[in-house]
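Examination of the molecular architecture
Chain residues, written in single-letter form:
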Amino acid sequence: QRQNYFVRHYSPAGLLGKHAWELTDFAAALVEQAGQRVHRMSMLERRLTVQQALCNLPTELDFVPTVTPGLVRHLLHIITELKQAAIEPQEFRRIVESGKNTAFSNYDALVAVVYERYQDVLLSGNLYDVPGVYWEAERCCREDAPTLPGNASVVLLDGFDDFTPSQERFLIALSRHVEHTIIGLHYDPEPNRADLFTLQHKCIERFKAADPERITFQTEPA
């Protein structure tokens, strides 16, 4: 929408190619330009993968559930949240085996097994869920000097209120390969309005580790 508005109102010369991306599409394009084909799994494929992971569970598990569509959806939701939080299967396994969360230890052990099997299927089949796209894009940015989609030298992100940890790690890694990474957040710094912009405030705090320059633009009142 921003790109279309810009073209219609300013008609700049030589504005060719795709310059506006959805963030996941941009990350996937970056991975593909690094030579890795990205097959993004459908929801059905992901559910079937979790369902298959529930077959022939280890006998040492104390909790072996009846497999239902609701259980599959619930486990997939948990796995997605773990991946968005940038928690890999090995790390989650260590947390479970540390015994710090004894109230849910039996269920956590089940999640650990299913998560490991789910991730093994993705890695062996060169398959990607959405968080996995960001994991691979971050790896490309950390290990090499990636060729960015459109040979971008400036990345402008607009329309966000918050980012998942997986997205944050990708953006921080990406920022080392461009002249500028600019993030536009709709935010009011007034303390008496802080409760209305909690997500944005937390986002700003988390990105402080990247030592950003913070610029405030006052929006004209309606």
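None of the values given here were measured: they were computed from a predicted structure. (Residues numbered from 1 in each chain as written. Predicted model: local features only at pLDDT ≥ 70, side-chain atom pairs only at ≥ 80, totals over all residues. Heavy atoms only, no water.)

Topic: the packing of aromatic side chains
Rules: Ring pairs shown here join Phe, Tyr and Trp side chains whose ring centres sit within 6.5 Å, with only the six-membered ring taken for Trp; geometry is labelled stacked below 30 degrees between planes, edge-to-face above 60, and tilted in between. The helix count covers DSSP runs of H or I at least four residues long, the strand count covers runs of E at least two residues long, and both are numbered beginning at the N terminus. Under the scheme applied here, a residue whose accessible area is under 20% of the maximum for its type counts as buried, over 50% as exposed, and between as partly exposed, the area being computed with a 1.4 Å probe on protein chains only. By definition, being over a ring means that NZ of Lys or CZ of Arg is both within 6 Å of the ring centre and within 35 degrees of the ring normal.
Taken as a whole and judged by the stated rule, the model has 5 aromatic pairs. Centre to centre, the rings of Y134 and F170 are 6.0 Å apart; their planes meet at 50 degrees, and the pair counts as tilted. Of the two residues, Y134 sits in helix α7 (residues 130-143) while F170 sits in helix α8 (residues 165-175), which places them 36 residues apart along the sequence. Of the residues examined, Y134 reaches a relative accessible area of 2% and is grouped as buried. Each ring, one from Y187 and one from F197, has its centre 6.1 Å from the other, and the planes form 80 degrees; the classification is edge-to-face. Taken as a pair, Y187 in the loop between β4 (180-185) and α9 (198-207) and F197 in the loop between β4 and α9 lie far apart in primary sequence, 10 residues in all. Among the aromatic residues, ring-to-ring pairing joins F160, F163 and F207 into one connected group. The ring of W135 carries K83 above its face, with NZ or CZ at 5.0 Å from the centroid.

What to know about the pattern of salt bridges
Which entries qualify depends on this criterion: Salt bridge, as used here, is a side-chain nitrogen of Lys or Arg placed within 4 Å of a carboxyl oxygen of Asp or Glu.
In this structure the tally under the stated criterion is 12 salt bridges. Note that E136 and R139 form a salt bridge whose closest N and O atoms lie 2.5 Å from each other. One end of the pair, E136, and the other, R139, are both in helix α7, 3 residues apart, so they sit about a helical turn from each other. Between D162 and R206 there is a salt bridge; the shortest N-O distance is 2.5 Å. You can see D162 sitting in the loop between β3 (154-160) and α8 and its partner R206 sitting in helix α9, a full 44 residues away along the chain. Connected via shared salt-bridge partners are R93, E97 and E116.

A word on the side chain of D129
For the record, the criterion: Any N or O atom pair separated by 3.5 Å or less is treated as a polar contact, with the protein-specific requirement of one donor-capable and one acceptor-capable atom, and with residues adjacent in sequence counted only for side-chain atom pairs. Residues are treated as being in contact if the distance between any of their heavy atoms lies within 4.5 Å.
Along the chain, D129 falls in the loop between β2 (127-128) and α7. At 2.8 Å, the side chain of D129 and the side chain of Y118 are in polar contact. Excluding residues that lie within four positions of it along the chain, D129 makes contacts with R46, K83, Y118 and L122.

Quick word on the pairing of β3
As a reminder of what qualifies: Strand pairing requires that DSSP identify at least two bridges connecting the strands. If you view a crossover with the strands going away from you and the path from the first strand over the helix to the second runs clockwise, you call it right-handed.
Looking at chain direction, β3 and β4 are connected through 5 bridges and run parallel. Within β4, the position partnered with L156 by the bridge is I182. Note on the crossover from β3 through α8 to β4: the handedness is right-handed.

So, the side chain of Q200
The topology assignment puts Q200 in helix α9. Take Q200: its relative accessible area is 6%, and that puts it in the buried class. A polar atom in the side chain of Q200 sits 3.2 Å from the side chain of D161. Beyond its immediate stretch of four places on either side in the chain, Q200 contacts D161, L185, H186 and Y187.

Geometric descriptors of this kind do not, in isolation, establish any biological role.
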